[in-house]
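Commentary on secondary and tertiary structure
So you can see what is in the structure, the chains are spelled out below.
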Amino acid sequence: MIIPWQQLESATLDALLESYVLREGTDYGDQELSLSDKLEQIKQQVINGSVLIVYSELHETVNLIAKEQFDASAMEGQQDDG
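Residues numbered from 1 in each chain as written. Predicted model: local features only at pLDDT ≥ 70, side-chain atom pairs only at ≥ 80, totals over all residues. Heavy atoms only, no water.

**Overview of the pairing of strand E2 (residues 61-66)**
- Where strand E1 (residues 51-56) lies against E2, six bridges are found, and the strand directions are antiparallel. Looking across to E2, one finds that Ile 53 is bridged to Leu 64.
- Between E1 and E2, which pair antiparallel in sequence order, lie four residues; one of them, Glu 60, sits at a positive phi of approximately 55°. (Pairing = 2+ DSSP bridges. Helix = DSSP H or I, 4+ residues; strand = E, 2+ residues; numbered from the N terminus.)

**Some points on the packing of helix H1 (residues 10-22) against helix H2 (residues 35-47)**
- Across the interface, H1 lies against H2 with an axial gap of 10 Å and an inter-helix angle of 115°. The element H1 and its partner H2 pack so that their crossing is right-handed. Along its contact with H1, which presents Leu 13, Asp 14, Leu 17, Glu 18, Tyr 20, Val 21 and Leu 22, the element H2 presents Leu 35, Lys 38, Leu 39, Ile 42, Lys 43 and Val 46.
- Here the residues of the contact of H1 with H2 are counted per class, giving nine nonpolar, no polar and four charged. (Axes fitted to C-alpha atoms, helices over the stretch in contact; angles between N-to-C directions. Left-handed = near helix turned anticlockwise from the far one by under 90°. Contact = heavy atoms within 4.5 Å. Nonpolar A, V, L, I, M, F, W, Y, C, P; charged D, E, K, R; others polar.)

**Quick look at H2**
- Helix length check: H2, at 13 residues, gives a terminal C-alpha distance of 18 Å against a target of 18 Å (1.5 Å per residue), a fit within 8%.
- Those residues of H2 not exposed but buried are Lys 38, Ile 42 and Val 46. Looking straight down H2, one finds its buried side chains confined to an arc of 70°; they lie on one side.
- Against H1, E1 and E2 lie the buried residues of H2.
- Positive backbone phi, at 90°, marks Gly 49, one or two positions downstream of H2. (Expected span 1.5 Å × (residues − 1). Buried < 20%, exposed > 50% of the residue type's maximum accessible area, 1.4 Å probe, protein only. Arc of directions from axis to C-beta.)

This is the structure in structure tokens:
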């Protein structure tokens, strides 16, 4: 389920973004960015819709996922159903 970022309290959104950024393995390319730069970058991606906030009922977790990746997963699910 996609959670619209506008429905989250500001502090909740900020905590979610910080949790995501601090996870190991998050790649920001060749250039190392400060925590505040990483947070601003991912926040802008969420606001512009290129990154989605997704809740998994199965795992009871919230994650951020690129819209293209989410769309591809949805298309695979539709093909598996048919």
